[in-house]
Amino acid sequence: MRKTLIGCLILFLFVFFFVSTSSAHVNDISFIERMILSAEHIVKKTNKGRAYSEYGAMPGVHTGCILCWAQSRFLDGYLDLYLLTKDEKWLRLFIQQARLAISQAENLPYHENGKGDTARVWVTTSYTAGIPHAFLVHATKIIKPFLRFALIVRQNGLSSYTKDAMFFVEVSQKSFLYFGKDWRDSLHGLSGFVEENSVPSNLAGEFLPWNMQAAAGQVCILLFDLTKESRFKKMAIKIAMSLKRHMEVKENRLLWPYWTRLSGQRSRYDDIGHGSSVAEFIVLMHERSWVFDDKDINRLLNTFDDLIDDRRWLAYQQIDGKGMLAFRPTLFLWAPLAQYSPTVCKKMVRVYMHSVPEDSVLYYFQPDYRGVMFQATTKLATYCHSQ
């Protein structure tokens, strides 16, 4: 009897130890490892690993909207994953899908300094009552990761990828310059891009919303970093100065509207998703000591703090901390602010862990929304890896 009890005790201790160590192994996985695994899972489950690079060739699909927004998020995330893991499979996947996306662009003519050329530009029938049209925001979204790829190749001495990098820079520069006709310098005190009057859209004749100006500004910064052409730096600075003049300081927060004051559209504060583009532009400018200073960053951190309800760990819809509460993956696109305050990551990680099931990162997301969730996981891994 005594031997039986001892045997049962030993068996119990063995099972307890096995379960405990197995559980500890699961729980001990680092946050960065969880984010990378989640990102890999999204890639595999999205169009069999092809993301949205083929969407321009699919009938009935608006190329500019899905390909340039969702695919650009995947391309940007691949670069994050390369920098985190140094695994060149992410660069190879980037090149494969970037080239496919470029092959689906239209070749449209443009003029610069009296000389004619053609540019790869992505068109869409969204926003235009079925009439194909190229929008600046689609071009800037898709070419930004092209330029970032080239910068990573240069900074990391990846000579075997130089040819691809040069090709991406050429495509990007021409695509951006195609919209040079829409640039306005000092239009009623603002500098930036407008939309053509002839477009059957609510953007027609408008000074473009700030998220679109900020996306163009980010491309200007990267083009300057790569080419050292001063015109791109000047454009980024003029956009930033116009944006800063348009901003409001309220309760020590930095706030801005979706539309500019030149627009005939009803003004409201920007939303958290579009606002992330503006926030990233401000960070990039601050890193170079252009236009935005430390006081601006501190105010932007206060803006971020008010985006989150820290009782329910959900995010508000608007940048002024108002609107419906929900789990919003675009919150994590504000992650570049984490370099200025550890609180940013603590809050982001808390929101993520509160809402996303550990074994099912795709639980909440429809296929055409996985791009933003993929980018969210790679940004969390990049900026919050110590959590």
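The structure contained in this document is the topic of the report that follows.

About the cut-offs
- Residues numbered from 1 in each chain as written.
- Predicted model: local features only at pLDDT ≥ 70, side-chain atom pairs only at ≥ 80, totals over all residues.
- Heavy atoms only, no water.
- Helix = DSSP H or I, 4+ residues; strand = E, 2+ residues; numbered from the N terminus.
- Buried < 20%, exposed > 50% of the residue type's maximum accessible area, 1.4 Å probe, protein only.
- Contact = heavy atoms within 4.5 Å.
- Areas by Shrake-Rupley, 256 points an atom, 1.4 Å probe, with all protein chains shown as cover.
- Polar contact = N/O pair within 3.5 Å; in protein donor to acceptor, adjacent residues only side chain to side chain.
- Phe/Tyr/Trp six-rings, centres within 6.5 Å; stacked < 30°, edge-to-face > 60°.
- Lys NZ or Arg CZ within 6 Å of the ring centre and 35° of its normal.
- Pairing = 2+ DSSP bridges.
- Disulfide = S-S within 2.5 Å.

Time to look at the overall build of the protein. For the protein, the count of helices and strands is twelve helices and ten strands. For the protein, the proportion of its 387 residues judged to be buried stands at 54%. Here the analysis covers contacts within the protein between residues at least 6 apart in sequence; of these, 65% occur between residues at least 24 apart. Surface exposure of the protein reaches about 18000 Å², of which carbon and sulfur atoms provide 54%.

A separate point is the side chain of Thr303. Within the secondary structure layout, Thr303 lies in helix α10 (residues 294-305). A polar contact is formed between the side chain of Thr303 and the backbone oxygen of Leu254, at a distance of 2.8 Å. Ignoring sequence-local partners within four residues, the contact set of Thr303 consists of Arg253, Leu254, Leu255, Ile319 and Trp334.

It is worth spelling out the packing of aromatic side chains at this point. Summed over the entire model, instances satisfying the criterion amount to 24 aromatic pairs. Judged by centre distance (6.0 Å) and plane angle (20°), the rings of Tyr78 and Trp90 are stacked. Of the two residues, Tyr78 is situated in helix α3 (residues 63-85) and Trp90 in helix α4 (residues 89-103); the sequence distance between them amounts to twelve residues. Since its relative accessible area comes to 5%, Trp90 is described here as buried. An angle of 80° between the planes, with centres 5.8 Å apart, marks the rings of Phe94 and Phe168 as edge-to-face. On the criterion of sequence distance, the pair formed by Phe94 in helix α4 and Phe168 in helix α6 (residues 162-177) is long-range, its members being 74 residues apart. Each member of the pair Phe94 and Phe168 is classed as buried. Among the aromatic side chains, those forming a connected cluster through ring pairs are Phe94, Trp122, Phe146, Phe149, Tyr161, Phe167 and Phe168. Residue placement shows Lys181 over the ring face of Tyr178; its charged tip is 4.3 Å from the ring centre.

A few words on the pairing of strand β1 (residues 106-112). Taken together, the seven bridges between β1 and strand β2 (residues 115-121) define a ladder with antiparallel strand orientation. Across the sheet, the residue bridging to His111 is Gly116, located in β2.

Topologically, Cys220 is positioned in helix α7 (residues 210-227). For Cys220 and Ile239, which are 19 residues apart along the polypeptide, the C-alpha to C-alpha distance reads 9.8 Å. If near-sequence neighbours (up to four positions away) are discounted, Cys220 is found in contact with Phe176, Phe232, Met235 and Ala236.

Here the focus is the state of the cysteines. In total, this model carries one disulfide according to the counting rule given. One disulfide in the model links Cys345 with Cys384; its S-S distance is 2.0 Å. The sign of the S-S torsion, about -85°, decides the handedness of the disulfide formed by Cys345 and Cys384: left-handed. In this pair, Cys345 sits in helix α11 (residues 342-355) while Cys384 sits in the segment after α12 (370-383), placing the two residues 39 residues apart along the sequence. Taking the relative accessible area as the measure of exposure, Cys345 reaches 3% and is therefore buried. The exposure class of Cys384 is buried, given its relative accessible area of 0%.

This part takes up the environment of Tyr383. Tracing the backbone shows Tyr383 in helix α12. The partly exposed category is assigned to Tyr383, whose relative accessible area is 31%. Residues in contact with Tyr383, not counting those within four places in the same chain, are Ala335, Pro336, Ala338, Gln339 and Cys345.

Moving on to the side chain of Lys144. Relative to the elements of secondary structure, Lys144 occurs in helix α5 (residues 136-155). Within the structure, the side chain of Lys144 is placed 2.7 Å from the side chain of Gln218, a separation counted as a polar contact. Ignoring sequence-local partners within four residues, the contact set of Lys144 consists of Gln218, Val219, Leu222 and Glu280.

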